[in-house]
Amino acid sequence: MTDRRKTALILGMTALFMFSPLAMSLFWRPIPLFQNLGFERESIAPPLAWILATITAIAYVLYTMKVIPLVLVKQKEISLFKLLGILSALVGGIVEEVFFRRWTMDVLMSRGVAPTLQVIISGIVFGLAHTSWILARGDFKFTLPAIFSTSFLGILLAVTYLVGGRNLGPCIYAHAIINLIVEPWLMLSSVSGKWRPSSKTSG
C-alpha cells in the first residue's frame with residue numbers, strides 16, 4: 001500500500017470516528033458538549049479572541065511550512081486526496097476543540113484547577129495526542145520538536161478559549177484554518193517519514 005493510500009485510510013477512519021458524535025448530536029439526540037459551538041450571534045466571542053485565533057493560525061501555518069517544506073510545496077495540488085484532507089480538517093477542527101478545550105478545561109475548572117494550569121494541561125495533552133504517531137514510528141529526531149510545537153499550539157488555543165469567555169468559536173476557527181492548509185500533507189509526511197518534497201513521497 002502506498003503512503004498516500006495509508007494516509008487516506010488513516011484520515012478517512014479518523015474523520016469517520018470523529019464525525020460520529022457530531023452526526024449523533026445533529027440527527028438523533030443532542031449531545032451537550034456539541035451544543036452552542038460559539039457561532040451563534042447571541043453568544044459570539046469578543047473581538048480579541050478572534051484576533052488571537054487569527055494570529056495563532058497564521059503563525060502555526062507559517063511555522064509548519066518552514067519546518068516541513070512538503071506542506072508548502074503541495075499547496076497548489078487539487079485532488080481527491082486533498083478533498084479528504086479538507087473534510088478531515090473541518091470535522092477535526094470541531095471535535096478536537098470540543099474535547100481538548102471545552103471538555104478538558106471545563107472538567108479541570110469544575111475540580112478547582114487554576115486557569116493557568118488548565119491551559120498548560122490542555123496544551124500538553126493536545127501535543128502528546130497529536131505526536132503519538134511519531135513516537136510509534138520511533139522517529140525521535142522529530143519527536144521533541146513536534147511535541148513542543150503542537151503543545152505550544154494547544155496552549156495558544158487554550159488561552160484563546162479563556163480570552164473568548166470559554167467560547168469555542170475562535171478556537172474552532174483557528175484549528176480549522178490550520179488543518180485546511182496543512183492537511184493532508186502533514187499526515188502524509190508523518191506516515192512516509194519524508195518531511196521534504198520528493199518524487200517518492202507519494203509512493
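Cut-offs used in this document
- Residues numbered from 1 in each chain as written.
- Predicted model: local features only at pLDDT ≥ 70, side-chain atom pairs only at ≥ 80, totals over all residues.
- Heavy atoms only, no water.
- Helix = DSSP H or I, 4+ residues; strand = E, 2+ residues; numbered from the N terminus.
- Buried < 20%, exposed > 50% of the residue type's maximum accessible area, 1.4 Å probe, protein only.
- Contact = heavy atoms within 4.5 Å.
- Salt bridge = Lys/Arg side-chain N within 4 Å of Asp/Glu carboxyl O.
- pLDDT = per-residue confidence, 0-100.
- Expected span 1.5 Å × (residues − 1).
- Arc of directions from axis to C-beta.
- Phe/Tyr/Trp six-rings, centres within 6.5 Å; stacked < 30°, edge-to-face > 60°.
- Lys NZ or Arg CZ within 6 Å of the ring centre and 35° of its normal.
- Axes fitted to C-alpha atoms, helices over the stretch in contact; angles between N-to-C directions.
- Parallel < 35°, antiparallel > 145°, perpendicular 65-115°, else oblique.
- Left-handed = near helix turned anticlockwise from the far one by under 90°.

Asker: Summarise the overall build of the protein; cite the residues concerned and give the values.
Answerer: Across its full length, the protein holds eight helices and zero strands. Counting helices and strands in the order they occur from the N terminus, the protein gives α-α-α-α-α-α-α-α. Of all 203 residues assigned to the protein, the portion counted as buried reaches 45%. Long-range pairs, those at least 24 residues apart, make up 80% of the contacts in the protein between residues at least 6 apart in sequence.

Asker: Lay out the pattern of salt bridges in plain terms, naming residues and giving numbers.
Answerer: Pairs may arise between side chains of opposite charge once their charged atoms sit close together. In total, this model carries four salt bridges according to the counting rule given. Measuring nitrogen to oxygen at the nearest pair gives 2.8 Å for the salt bridge that ties Glu 77 to Arg 4. With Glu 77 in the loop between helix H3 (69–73) and helix H4 (80–110) and Arg 4 in helix H1 (residues 3–27), this pair connects stretches of sequence that are 73 residues apart. Look at Arg 4 and you get buried, because its relative accessible area is 17%. Ionic pairing is found between Arg 166 and Asp 106, a salt bridge with its closest N-O pair at 2.8 Å. Of this pair, Arg 166 sits in the loop between helix H6 (140–163) and helix H7 (169–182) while Asp 106 sits in helix H4; the two residues are 60 residues apart in sequence, bridging distant segments of the chain. Each member of the salt-bridge network shares a partner with another, and the members are Arg 4, Lys 74 and Glu 77.

Asker: So, the confidence of the model for the protein: which residues are in play, and what are the values?
Answerer: Looking at the protein as a whole, the pLDDT averages 86, with 90% of positions reaching at least 70. Note on residues 199–203: pLDDT under 50 across the span, and twelve contacts to partners over four residues away in sequence or across chains.

Asker: I'd like to hear about helix H2 (residues 47–67), residue by residue, with values.
Answerer: Since the α-helix advances by 3.6 residues per turn, residues separated by three or four positions end up pointing in the same direction. Over its 21 residues, H2 runs 31 Å from end to end, which matches the ideal 30 Å to within 8%, given 1.5 Å per residue. Looking at H2, one finds that the buried residues are Ala 49, Ala 53, Thr 56, Ala 57, Tyr 60, Val 61, Thr 64 and Met 65. Across the axial projection of H2, the buried residues extend over an arc of 155 degrees, all falling on one side. In this structure, H2 carries Pro 47, Leu 48, Ile 55, Leu 62 and Lys 66 as exposed residues pointing more than 90 degrees from its buried face.

Asker: Give me the lowdown on unusual backbone geometry, citing residues and values where you can.
Answerer: Following Glu 183, the chain continues to Pro 184 via a peptide bond in cis, the omega torsion being 5 degrees. Within the secondary structure layout, Pro 184 lies in the loop between H7 and helix H8 (185–192). A positive phi angle, close to 50 degrees, is found at Asn 36, a residue other than glycine. Relative to the helices and strands, Asn 36 is located in the loop between H1 and H2. On the basis of relative accessibility, which here comes to 34%, the residue Asn 36 falls in the partly exposed class.

Asker: Summarise the packing of aromatic side chains; cite the residues concerned and give the values.
Answerer: Tallying each qualifying case throughout the model produces eight aromatic pairs. Where Phe 99 meets Trp 103, the ring centres are 5.2 Å apart and the plane angle is 10 degrees; that geometry is what we call stacked. Note that Phe 99 and Trp 103 are positioned in helix H4 at a spacing of four residues, about one turn of the helix. Through a chain of ring-to-ring contacts, the aromatic side chains of Phe 99, Phe 100, Trp 103 and Phe 126 assemble into a single cluster. Between Arg 101 and the ring centre of Phe 126, over which it is positioned, the NZ or CZ distance is 4.7 Å.

Asker: Would you mind going over the packing of H1 against H8 in detail, with residue names and values included?
Answerer: Running from N to C, H1 and H8 point in directions that differ by 120 degrees, and their axes come no closer than 9 Å. Taken as axis vectors, H1 and H8 run oblique relative to one another. When you trace H1 past H8, the crossing you get is right-handed. Touching Asp 3, Arg 4, Lys 6, Thr 7, Ile 10 and Leu 11 of H1 are Trp 185, Met 187, Leu 188, Val 191 and Ser 192, all from H8.

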